[in-house]
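Here is how the chains run, residue by residue.
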Amino acid sequence: SQKIEQNSEALNIQEGKTATLTCNYTNYSPAYLQWYRQDPGRGPVFLLLIRENEKEKRKERLKVTFDTTLKQSLFHITASQPADSATYLCALGDDKIIFGKGTRLHILP
Amino acid sequence: GAVVSQHPSWVICKSGTSVKIECRSLDFQATTMFWYRQFPKQSLMLMATSNEGSKATYEQGVEKDKFLINHASLTLSTLTVTSAHPEDSSFYICSARDSSGRVTYEQYFGPGTRLTVT
């Protein structure tokens, strides 16, 4: 069955550094991969979508890569700030998407 | 833009009663909306896909007679949890895709509804 793994349940990063989150998947060849941010007790917020024929996508301090050979996506937040602390969800698919469990990111001041 | 609201934001009900949750797209039309359930520290699990004007499509293991979905207009979908039991207590989140214009796959989520069944 399709499986999505996000590298760690929690990640602590010093303010100002780059945070890198990993998403690996198996038994799936998605045409699209998305990243969402979720704050406690709230619904997810869409951040970025990357297509299988795109290697990299950027939006302000965010960068996403998509390696269909490795079946992996990396999500980077540069110049991280305490306000970036949240859970980040990787999601695969198009019409219907499957979510990973997320990585709780803590940016330490 | 792309705002989705949910009502209520939280609800407590007694076992055996029914609860209705509303999901509205405020500034766009959505022919397709999705209903998810999320348990603490778990991933969002898709329950069903709601299509305007037609029957919802339920994921495997989700009882359609227990979780009634109605997508009566391009901006409103409702989820009714019938004969709720304590194990139905969870965080229910809806999402919508903007169906006006080009095809897009990003989903816009509501703020969620915390259901507690006593």
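Residues numbered from 1 in each chain as written. Chains lettered and ligands numbered in written order. Predicted model: local features only at pLDDT ≥ 70, side-chain atom pairs only at ≥ 80, totals over all residues. Heavy atoms only, no water.

Considering the sheet that holds strand β3 (residues 19-25) of chain B
Sheet strands pair via backbone hydrogen bonds, and the direction of the pair is either parallel or antiparallel. Residue and element names in this part refer to chain B. Quick reminder of the rule: Here, a strand pair is defined by DSSP locating no fewer than two bridges between the strands. Numbering of helices and strands runs from the N terminus; a helix is a DSSP stretch of H or I covering at least four residues, while a strand is a stretch of E covering at least two. Angular values range over 0 to 180 degrees, each being the angle between N-to-C directions of two axes fitted as lines to C-alpha atoms, with helices fitted over their stretch in contact.
Spatially, four strands are ordered β1-β3-β8-β7 in an open sheet, and the strand pairing comes out antiparallel. In the strand order of this sheet, the two ends are held by β1 (4-7) and β7 (67-73), each with one partner. Strand-to-strand twist across the sheet, computed as the mean angle between neighbouring axes with direction ignored, equals 15°. Both β1 and β3 contribute to a ladder of four bridges, which runs antiparallel. For Val4, the partnering residue across the bridge sits in β3 and is Ser25.

As for the sheet that holds strand β8 (residues 72-77) of chain A
Residues and elements named next belong to chain A. Pairing within the open sheet is antiparallel, and its five strands lie in the order β1-β3-β8-β7-β6. Each edge of the sheet is formed by a strand with only one pairing partner; in this case those strands are β1 (3-6) and β6 (56-59). Sheet twist, expressed as the mean angle between neighbouring strand axes with direction ignored, is 15°.

Overview of the interface of chain A and chain B
Under the convention used in this document: The contact rule is simple, with two residues in contact once any of their heavy atoms fall within 4.5 Å. Buried area counts how much accessible surface, traced with a 1.4 Å probe, disappears from two parts once they are put together, with both parts' losses summed. By definition, a salt bridge exists where a carboxyl oxygen of Asp or Glu is found within 4 Å of a side-chain nitrogen of Lys or Arg. By the criterion applied in these results, polar contacts are pairs of N or O atoms within 3.5 Å in which, for protein atoms, one can donate a hydrogen and the other can accept it, and in which residues neighboring in sequence qualify only through two side-chain atoms.
Every contact between the two is made by 19 residues of chain A and, on the other side, 19 residues of chain B. Summing both partners gives a buried area of about 1600 Å² for chain A against chain B, and 55% of it is carried by carbon and sulfur. At the boundary of chain A and chain B, one finds one salt bridge. Along the contact surface separating chain A from chain B lie six residue pairs in polar contact (both at pLDDT 80 or more). If you list the elements that add at least two residues to the side of chain A that touches chain B, you get β4 (32-38), β5 (45-51) and β10 (97-99) of chain A.

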